[in-house]
Amino acid sequence: MLNLRTIERKHGYNFAFLDENTKREVRRKTLKAVAIPGHQVPFASPELPIARGWGTGGLQVTMAIIGPDDVLKVIDQGCDGGVNAVNIRKLLVKTTGVRTTFATGEATIVQTRHRIPEEKLRADQILVLQVPIPEPLRFVEASMAKTREMHAEMDYSRMWVFLYENIVKWGEITIGARYPSLVNGRYLIDPSPIPRWDVPKLHMADTLFLFGAGREKRIYAVPPHTSVEPLQFDDVPFRVEDFAGRACLRCGATGTFLNEIFDGRGGKLYVCSDSYNCDAVKAKREGTTDGGGQ
Amino acid sequence: MSVLFEAAFNRVFDSQNLYRRMLDAIARPGKVVALPCLDICPPSGLSVYASGLAFTLLDGDTSFAILPASEPWQDYLTVNTGARPAAPADAEFILLAGREYGPQITVARRGDLLAPERGATIFAMVDAIDSAAGGGLRLTFAGPGVDGRAAVSVTGLNVANLENILSLNREYPLGVDCFLADRQGRLVAMPRSTAVQWEVVS
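Residues numbered from 1 in each chain as written. Chains lettered and ligands numbered in written order. Predicted model: local features only at pLDDT ≥ 70, side-chain atom pairs only at ≥ 80, totals over all residues. Heavy atoms only, no water.

Looking only at helices and strands, one finds six helices and 12 strands in chain A. Reported as C-alpha extents along the three principal axes, the dimensions of chain A are approximately 75 × 55 × 35 Å. Accessible area for chain A stands at about 13400 Å²; split by element, carbon and sulfur atoms hold 53% of it. Put simply, chain A has 39 plus and 35 minus side-chain charges, and the middle of one group is 6 Å from the middle of the other. (Helix = DSSP H or I, 4+ residues; strand = E, 2+ residues; numbered from the N terminus. Areas by Shrake-Rupley, 256 points an atom, 1.4 Å probe, with all protein chains shown as cover. Lys, Arg positive; Asp, Glu negative; His and termini not counted. Charge placed at Lys NZ, Arg CZ, Asp CG, Glu CD.)

Set out below in structure tokens:
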């Protein structure tokens with residue numbers, strides 16, 4: 001007689017944790033998301049060992065695409081050592097055994113929260129973004145049924161009015177991260193809470209970008225060589241964060257996205273947000289090869 | 001009649017490998033992607049590679065149709081994936097023998113404006129795909145995923161089938177997404193977002 005207790009279990013989990021049916025659903029939805037750039041495709045988003053809202057969308061996309069030969073990099077706000085990145089990396093390593101790296105250029109899959117690495121990504125890499133709020137129209141409309149209709153009709157007039165009112169009230173558009181952008185001239189997306197700095201990196205890139213929103217159960221994509229235009233007015237053009245005259249305190253780099261840190265004495269310090277890039281620039285400057293990647 | 005269950009197809013790793021190549025293909029329409037060899041033995045006429053694509057994406061939650069209808073192929077896919085056979089107008093996946101004229105492709109699901117992702121996915125079996133210029137159909141792609149233009153030569157795809165697929169995609173974002181797989185394991189994707197020009201080359 002079959003006794004379940006006596007069966008030796010070699011592995012605690014399926015490869016990449018998810019069962020194959022769940023992976024297949026994410027795979028089917030991801031292909032549709034790529035075929036309709038910027039369109040939010042609903043998916044089941046079952047429970048995971050990480051709470052919804054902590055990167056489960058990106059995590060499920062990564063789990064569905066990852067294979068044993070992939071090299072994984074996970075970052076949280078540009079940092080490989082952020083608590084969210086460390087936990088997601090640990091879970092993926094435990095359930096897949098894949099090699100991980102801090103070096104952006106070595107990774108085949110980069111899962112990220114709130115940043116796109118400074119180093120230009122290649123065609124053989126995939127960037128997976130964790131998305132808290134996939135709906136760019138949530139600024140102006142709370143009902144998801146209604147926003148779905150607005151996307152269907154490509155009716156983004158209320159978003160334009162919102163941006164216009166912003167300018168009237170504050171002199172400029174006050175949206176920092178999550179800057180609404182039009183993909184392939186058709187769908188408005190929330191590019192996830194990446195700073196404005198990173199939005200132009202989505203435009204006509206070599207890389208495939210996959211967006212997963214676990215709590216909100218949506219997947220969307222920006223394929224390579226696809227136009228991504230931040231909404232802007234002829235007389236008030238889109239601009240990225242201005243770090244003119246500032247350099248990273250640690251590596252001395254200019255031309256990277258900087259975190260602002262208050263020093264407790266009324267002053268401000270600036271350091272790179274992309275920790276690997278900062279390590280690499282610093283190592284190059286000091287002539288050491290230890291990039292912190294090991 | 002007994003139908004072969006493909007125990008040698010690894011549902012975890014072969015699926016993942018095939019899927020990544022499909023993802024690469026659909027993210028870069030016109031790119032000719034090589035599929036891995038598969039140790040499966042589909043019934044006569046059904047290609048190993050089209051079967052592999054079906055094994056990768058189909059399961060009990062999905063439905064499929066075969067054009068032109070073939071009972072042995074249908075039984076083979078049902079047994080190996082658990083997917084339900086459906087009428088071409090209802091199926092999420094359509095397996096098309098590219099050479100044969102399948103007029104029913106015109107009723108394929110195109111989704112609606114609220115849910116364009118409900119448009120069907122088509123696996124079209126063709127004889128050969130080549131990025132170099134050759135005989136047969138010369139397809140030129142432009143649009144998302146394509147750096148400028150990309151061209152491929154396809155043999156074994158009935159022109160009427162191609163015209164029908166393209167006419168399904170006239171009203172973007174409604175439409176169908178197509179994977180063309182040849183008998184040597186070369187794959188090309190033609191999603192609805194792609195603008196296609198074609199000519200017959202003799």
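Attention shifts here to the side chain of B:Thr81. Residues and elements named next belong to chain B. If you trace the backbone, Thr-81 turns up in helix H3 (residues 71-81). A distance of 2.6 Å separates a polar atom in the side chain of Thr-81 from the backbone oxygen of Leu-77. Of the polar contacts made by the side chain of Thr-81, one reaches the backbone nitrogen of Ala-83; its length is 3.1 Å. The contacts of Thr-81, once residues within four sequence positions are left out, are Ala-54, Phe-55, Leu-58, Asp-59 and Gly-60. (Polar contact = N/O pair within 3.5 Å; in protein donor to acceptor, adjacent residues only side chain to side chain. Contact = heavy atoms within 4.5 Å.)

Another aspect to go through is the domain arrangement of chain A. Residues and elements named next belong to chain A. Segmenting chain A into domains produces domain 1 (4-136 + 176-230) and domain 2 (242-289). The C-alpha-based centres of domain 1 and domain 2 are spaced at 27 Å. Contacts between domain 1 and domain 2 engage 14 residues on the former and nine residues on the latter. Counting the surface lost from both domain 1 and domain 2, the interface buries some 930 Å², and carbon and sulfur atoms represent 56% of this. Considering only the surface of domain 1 that becomes buried against domain 2, Arg-115, Glu-118 and Trp-197 emerge as the three largest contributors, covering 48% of it. (Domains from an automatic or database assignment. Buried area = accessible area lost by both parts, 1.4 Å probe.)

All right, on to the packing of helix H1 (residues 13-27) of chain B against helix H2 (residues 48-57) of chain B then. Residues and elements named next belong to chain B. Relative to each other, H1 and H2 sit at 105°, their axes nearing to 9 Å. One way to sum up the angle between H1 and H2 is to call them roughly perpendicular. Judged by residue contacts, Ser-15, Leu-18, Tyr-19 and Met-22 of H1 engage Gly-52, Leu-53, Phe-55, Thr-56 and Leu-57 from H2. Per-class residue counts for the contact of H1 with H2 are six nonpolar, three polar and no charged. (Axes fitted to C-alpha atoms, helices over the stretch in contact; angles between N-to-C directions. Parallel < 35°, antiparallel > 145°, perpendicular 65-115°, else oblique. Nonpolar A, V, L, I, M, F, W, Y, C, P; charged D, E, K, R; others polar.)

All names here are of chain B. For H2, the buried fraction is high: nine of the 10 residues fall into the buried class. Residues Tyr-49, Ala-50, Ser-51, Gly-52, Leu-53, Ala-54, Phe-55, Thr-56 and Leu-57 constitute the buried set of H2. Its side-chain oxygen 3.3 Å from the backbone nitrogen of Tyr-49, Ser-47 forms the N-cap of H2. (Buried < 20%, exposed > 50% of the residue type's maximum accessible area, 1.4 Å probe, protein only.)

Moving on, we come to the environment of A:Leu188. All names here are of chain A. Mapped onto the elements of the fold, Leu-188 is located in strand E7 (residues 187-189). A C-alpha to C-alpha distance of 9.7 Å links Leu-188 and Asp-155, two positions 33 residues apart in sequence. When sequence neighbours within four positions are dropped, the list of residues in contact with Leu-188 reads Gly-38, Pro-136, Leu-137, His-151, Tyr-156, Met-159, Pro-180, Ser-181, Leu-182 and Leu-231.

A few words on the sheet that holds strand E8 (residues 208-213) of chain A. All names here are of chain A. Across the sheet, which stays open at both edges, the seven strands sit in the order E1-E9-E8-E5-E4-E2-E3 with mixed pairing between neighbours. Each edge of the open sheet is held by one strand with a lone partner, namely strand E1 (41-42) and strand E3 (99-100). Two elements, strand E2 (residues 71-76) and E3, share two bridges in a ladder whose sense is parallel. Counterpart to Val-71 in the pairing with E3 is Arg-99. With respect to the sheet, helix H2 (residues 56-65) is in contact with E2, strand E4 (109-113), strand E5 (126-130), E8 and strand E9 (218-222), its orientation differing from that of E5 by roughly 150°. (Pairing = 2+ DSSP bridges.)

Turning to the sheet that holds strand E8 (residues 150-155) of chain B, a few remarks are in order. All names here are of chain B. In space, the four strands of this open sheet follow the order E6-E8-E7-E11, with antiparallel pairing throughout. Each edge of the open sheet is held by one strand with a lone partner, namely strand E6 (128-130) and strand E11 (195-201). Pairs of neighbouring strands in the sheet enclose a mean axial angle of 25°, with direction left out of account. As defined by bridge partners, strand E7 (residues 136-142) adjoins E8 across five bridges and the pair is classed as antiparallel. Each bridged residue has a counterpart across the sheet, and for Phe-141 the counterpart in E8 is Ala-150. Contacting E7 and E11, helix H4 (residues 159-168) crosses the sheet at an angle of about 165° to E11.

Turning our attention to the pairing of strand E11 (residues 258-262) of chain A. Residue and element names in this part refer to chain A. Summarising the sheet, E11 and strand E12 (residues 268-272) pair through five bridges and their orientation is antiparallel. Within E12, the residue paired with Leu-258 across the bridge is Cys-272. Connecting E11 to the next strand, E12, in antiparallel fashion are five residues, including Gly-264 with a positive phi near 85°.

Here the focus is the interface of chain B and chain A. Bring the parts together and some accessible area is lost; that lost area is often taken as the interface size. Taken residue by residue, the interface counts 39 residues in chain B and 41 residues in chain A. In total, about 3200 Å² of surface goes out of reach between chain B and chain A, with carbon and sulfur atoms giving 60% of it. A per-residue breakdown of the area chain B buries against chain A is headed by B:Tyr19, B:Leu114 and B:Glu117, which together make up 19% of the total. Only H1, H2 and strand E9 (177-181) of chain B provide two or more residues apiece to the side of chain B that touches chain A. By residue number, the principal contributor to the side of chain B that touches chain A is H1(B), which donates nine residues.

For chain B, per-residue confidence averages 96 on the pLDDT scale, and 100% of positions sit at 70 or higher. Reported confidence for the predicted complex is 0.97 by ipTM and 0.95 by pTM. (pLDDT = per-residue confidence, 0-100.)

Our next topic: the pattern of salt bridges. Residue and element names in this part refer to chain A. Counting across every chain of the model gives 32 salt bridges over all chains. Between Glu-216 and Arg-138 there is a salt bridge, with its nearest N and O atoms 3.0 Å apart. Of this pair, Glu-216 sits in the loop between E8 and E9 while Arg-138 sits in the loop between E5 and helix H4 (144-152), and the two are 78 residues apart along the sequence. Accessibility expressed as a relative area gives 15% for Glu-216, which makes it buried. Glu-141 serves as the salt-bridge partner of Arg-158, at 3.0 Å between the closest nitrogen and oxygen. Here Arg-158 is found in helix H5 (residues 157-170), whereas its partner Glu-141 is found in the loop between E5 and H4, with 17 residues between them in sequence. Look at Arg-158 and you get partly exposed, because its relative accessible area is 36%. Several salt bridges converge on common partners, so that one network encompasses Arg-115, Glu-118, Asp-198 and Lys-201. (Salt bridge = Lys/Arg side-chain N within 4 Å of Asp/Glu carboxyl O.)

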